[in-house]
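Residue-level structure breakdown
The residues making up each chain are set out below.
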Amino acid sequence: MRNAFADEVTKLGAEDDRVVLLTGDIGNRLFDRFKENKRERFFNCGVAEANMMGVAAGMAMSGLRPIVYTITPFTTTRCYEQIRVDACYHDVPVIIVGTGSGLSYADLGPTHHSCEDLAIMRVLPNMTVLAPADEVELRQCLRAAIELDGPVYMRIGKKGEKVTPKATDEFQIGRSITVAEGTDVCLISTGTVLPMVMEAVTMLADAGISARVESFHTVKPLDEGTLADVFTRFRLVAVIEEHSRLGGLGGSIAEWLARQNGKAGRMISFGTDDVFLHEIGTQNYARGRLGLTAENVARGVREAVG
Amino acid sequence: MASSPQPIEKQVRELITATKLCELGRIARDARLRIITNSHKTQTPHLGSCLSCVDILVAAYFHCLRIDPANPRDPERDRFILSKGHGAAALFQILAMRGFYPESMLATYGQDGSLFAEHPPSPDYLPGIEAATGSLGHGLPIGLGMALSARIQNRNYNVVALLSDGECNEGSIWEAAMMAAARRVGNLVAVVDYNKWQATDRSREVMGDASLVGKWHAFGWESCEIDGHDMAALVDVLGERRSNEGQPVAVVAHTVKGKGVSFMEDDNNWHYKIPSEEDLVSVRRELGVES
């Protein structure tokens, strides 16, 4: 996905003179083409993320459209104060891109994991929170983000994310995409777990359970229209994310459900446990350790519907 | 080759300068009175921190900055960021005196629902404010972003960030310092209101006494030290038009916390203390103002 990001941001940079790319000393060779075309709009800010975020805010206050890119923990937890105060409190158009989100960097240990970023970003006023499933959604998200006038946080994967075909390429921030139709349960997926969720759909079909799949590329604002629809229509909604079960999309939807005054709706959620995973391995290994597999999702849904 | 100025021309220039400096001194005295009176009336603290930077603010807003209160968002304007946001009580008076908003707005100072208290609000809420500071260490990185924007957009403006010495405890200041020097952001000026105190102790007791100007110099800034209450020195250093490419400039301004009132000077109780009615009488006498 990072290659797609580099490609799309290069295109955007060529089209829109306001676009500036700031990186935290990461992306070796990744932005060579951007730099060729727009040398004076590229800034490697070094391993100094708090300053980088402040600089981005200053640029946004001056009419530019800065995009900040580094590995997710360093563009979220590391400089959270600056995101909160410089970007959100001032309500200025900074696009914050966290690469290698979730467990993408499972081989680098918990310092490079991000299973709390959705929670801390969505709780900030004025912030839009995006989690594209694949490079197609990523390009759509980025283009839509540039049109907004406030801060945007987008978490993306790393590489090798399979593209899930969609019936439409209509895209709107805050409007989920129906990836598959179904009649028994609804699976809400956010971010790069979508291919895994689609595998779970096949397993559920084998067990006689028909599943609709919604891709929530937008975590904030929440697509309440779709939620109202699926919670009425389906006896179970399952939310799946590569994020802690505390406070991410699942948490957000649970909050929404609680506000519906007891009207209909049953949900279960899949995400990472409230732990740091000390053992390293591939992303699939890490997902397996933390229950984010198609088998686990299918089993969980089957047991819940009874 | 130009001939050296005739004696009479030089005298006239010096006379204009002296008149101007006198005027700036008068404005600073007025500002001090307003700030102290307001602190009493609204029970707003940080008086010491406000008084130490009055002369810097006056030199900037009444002489050096290329700004127009009628056009507060002019893209070509100079930017002044009060990175030491707790000096807002001083900034609010000076912006009003300079005409950014009507004096009458200050009537709500400190009341529920007001914009005016201890820190600057967001620029969207009050003309003249460039950044909603109050958390230290933010103003310089934001200013660096604004300064770099000038280069990117082919504009020509100065960005001045006023820091406190306590604020130089913050790591983000030094991150910005590194990048500004590395990128040769010549239109960025950092002024440190070096009043030798922070909230709870003398600065040197908290973070040591390794040379402050030495630090900025080591980080690659064109650094100087001045008397932060010498209007001529302030006007000289802040008035220069900077190029977008070059060394950024650090001005370590030696100041006195609580400057202007003898019983407030260098007394850190006045970081938080509110002046009483009796204090105000003494203040008016010292500033040479009729009661």
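For every chain, the first residue of the written sequence is number 1, and numbering continues from 1 along that sequence. Going through the entries in the order they are written, you letter the chains from A and number the ligands from 1. Restriction of local features to residues with pLDDT of at least 70 applies here, the model being predicted, together with a cutoff of 80 or more for giving and counting side-chain atom pairs; totals for whole chains, interfaces and linings are based on all residues. Just so you know, side-chain values use all the structure's heavy atoms and leave hydrogens and water out.

1. Section: the packing of aromatic side chains
Two rings from Phe, Tyr or Trp (for Trp, the six-membered ring) form a pair when their centres are within 6.5 Å of each other. A pair whose planes differ by under 30 degrees is stacked, one over 60 is edge-to-face, and the rest are tilted. Under the definition given, this model contains 16 aromatic pairs over all chains. Pairing Phe231 of chain A with Trp256 of chain A gives two aromatic rings, centres 5.5 Å apart and planes at 35°, and the pair type is tilted. Taken as a pair, Phe231 of chain A in helix α8 (residues 224-233) and Trp256 of chain A in helix α9 (residues 249-258) lie far apart in primary sequence, 25 residues in all. An aromatic cluster is present here, built from Phe5, Phe31, Phe34, Phe42 and Tyr69 of chain A joined pairwise through their rings. Either the NZ atom of lysine or the CZ atom of arginine qualifies as a charge over a ring when it sits within 6 Å of the ring centre and within 35 degrees of the ring normal. Directly above the ring of Tyr105 of chain A sits Lys158 of chain A, whose terminal nitrogen or CZ lies 4.6 Å from the centroid. It is Arg98 of chain B that lies over the ring of Phe62 of chain B; its NZ or CZ is 5.9 Å from the centre. Put simply, DSSP H or I for four residues or longer makes a helix, DSSP E for two residues or longer makes a strand, and each gets a number counted from the N terminus.

2. Some words on the confidence of the model for chain B
Low-pLDDT portions of the prediction should not be read for the details of their coordinates. Residue-level pLDDT values for chain B average 94, and 97% of them are 70 or greater. Scoring of the predicted complex yields 0.96 for pTM and 0.96 for ipTM. The pLDDT value expresses, per residue, how confident the predictor is, ranging between 0 and 100.

3. Focus on helix α11 (residues 294-305) of chain A
Residue and element names in this part refer to chain A. For α11, spanning twelve residues, the distance from its first C-alpha to its last is 17 Å, which sits close to the expected 16 Å at 1.5 Å a residue. Among all positions in α11, only Ala294, Val297, Ala298, Gly300, Val301, Ala304 and Val305 are buried. The buried residues of α11 occupy an angular sector of 165° when projected down its axis, which confines them to one face. The secondary structure elements touched by the buried residues of α11 are β8 (185-189), α7 (194-206), β11 (236-244) and β12 (267-272). Residue count minus one, scaled by 1.5 Å, sets the expected span of a helix. Working definition: with a 1.4 Å probe on protein chains only, accessible area under 20% of the residue-type maximum means buried, over 50% means exposed, and in between means partly exposed. Note: the arc covers the axis-to-C-beta directions of the helix. Contacts are assigned to residue pairs that have any heavy atoms within 4.5 Å of one another.

4. Thoughts on the interface of chain A and chain B
The extent of an interface is frequently quoted as the accessible surface area lost upon association of the parts. The interface is formed by 25 residues belonging to chain A together with 26 residues belonging to chain B. The term buried area means the drop in 1.4 Å probe accessible area that two parts suffer when joined, counted for both and summed. Where chain A abuts chain B, roughly 2,000 Å² becomes buried across the two surfaces, and 59% of that area is made up of carbon and sulfur atoms. Take a side-chain nitrogen of Lys or Arg and a carboxyl oxygen of Asp or Glu: if they are within 4 Å of each other, that pair is a salt bridge. Our count for the contact surface shared by chain A and chain B stands at zero salt bridges. Polar contacts here mean pairs of N or O atoms no more than 3.5 Å apart (in protein, one a potential hydrogen donor and the other a potential acceptor; neighbouring residues in sequence count only if both atoms are side-chain atoms). If you look at where chain A meets chain B, you find seven residue pairs in polar contact (both at pLDDT 80 or more). Among the elements of the structure, β2 (42-44), α3 (49-61) and α4 (80-89) of chain A are those that each provide at least two residues to the side of chain A that touches chain B.

5. Some details on the sheet that holds strand β2 (residues 159-164) of chain B
All names here are of chain B. If you walk across this open sheet you meet the five strands as β1-β2-β3-β5-β4, and the pairing is parallel. In this open sheet, the two edge strands, each paired with only one partner strand, are β1 (79-82) and β4 (222-227). The sheet shows a mean angle of 20° between the axes of neighbouring strands, direction not considered. Strands qualify as paired when DSSP identifies two bridges or more between them. The sheet contact formed by β4 and strand β5 (residues 249-254) spans six bridges and is parallel. Under this scheme, a helix contributes an axis fitted over its contacting stretch, all axes are lines through C-alpha atoms, and angles between N-to-C directions fall in the 0 to 180 degree range.

6. Thoughts on the pairing of β2 of chain B
Residues and elements named next belong to chain B. Burial within β2 is extensive, with six of its six residues counted as buried. Where β1 and β2 come together, four bridges link them in parallel fashion. For Arg79, the partnering residue across the bridge sits in β2 and is Val159. Direction of pairing for β2 relative to strand β3 (residues 188-194): parallel, over a ladder of six bridges. Each bridged residue has a counterpart across the sheet, and for Leu162 the counterpart in β3 is Val191. A clockwise course of the path from the first strand over the helix to the second, judged with the strands pointing away from the viewer, identifies a crossover as right-handed. Between the parallel elements β2 and β3, the chain passes through helix α6 (residues 171-182) in a crossover that is right-handed.

7. Structural notes on the sheet that holds β8 of chain A
Residues and elements named next belong to chain A. Read across the sheet, five strands follow the order β7-β9-β8-β11-β12 without closing on themselves; strand pairing throughout is mixed. Two strands lie at the open edges of the sheet, namely β7 (177-180) and β12, each paired on one side alone. The average undirected angle you get between the axes of adjacent strands in this sheet is 25°. Pairing analysis gives three bridges linking β7 to strand β9 (residues 211-215), with the strands arranged antiparallel. Among the inter-strand pairings, Ala180 is bridged to a residue of β9, identified as Val213. This element, α9, spans β8, β11 and β12 of the sheet and lies at about 140° to β11.

8. A word on a nonpolar patch on the surface
Patch membership requires more than 30% relative accessible area and the absence of a salt bridge. Residues of like charge join within 9 Å; the nonpolar side chains Val, Leu, Ile, Met, Phe, Trp and Tyr join within 5 Å. In short, Shrake-Rupley with a 1.4 Å probe defines the accessible areas, and a residue's cover is counted only from the protein chains shown. Where nonpolar side chains cluster on the molecular surface, the patch consists of Ile8, Val12 and Ile16 of chain B and spans about 290 Å² of accessible area. Topologically, Val12 of chain B is positioned in helix α1 (residues 7-42).

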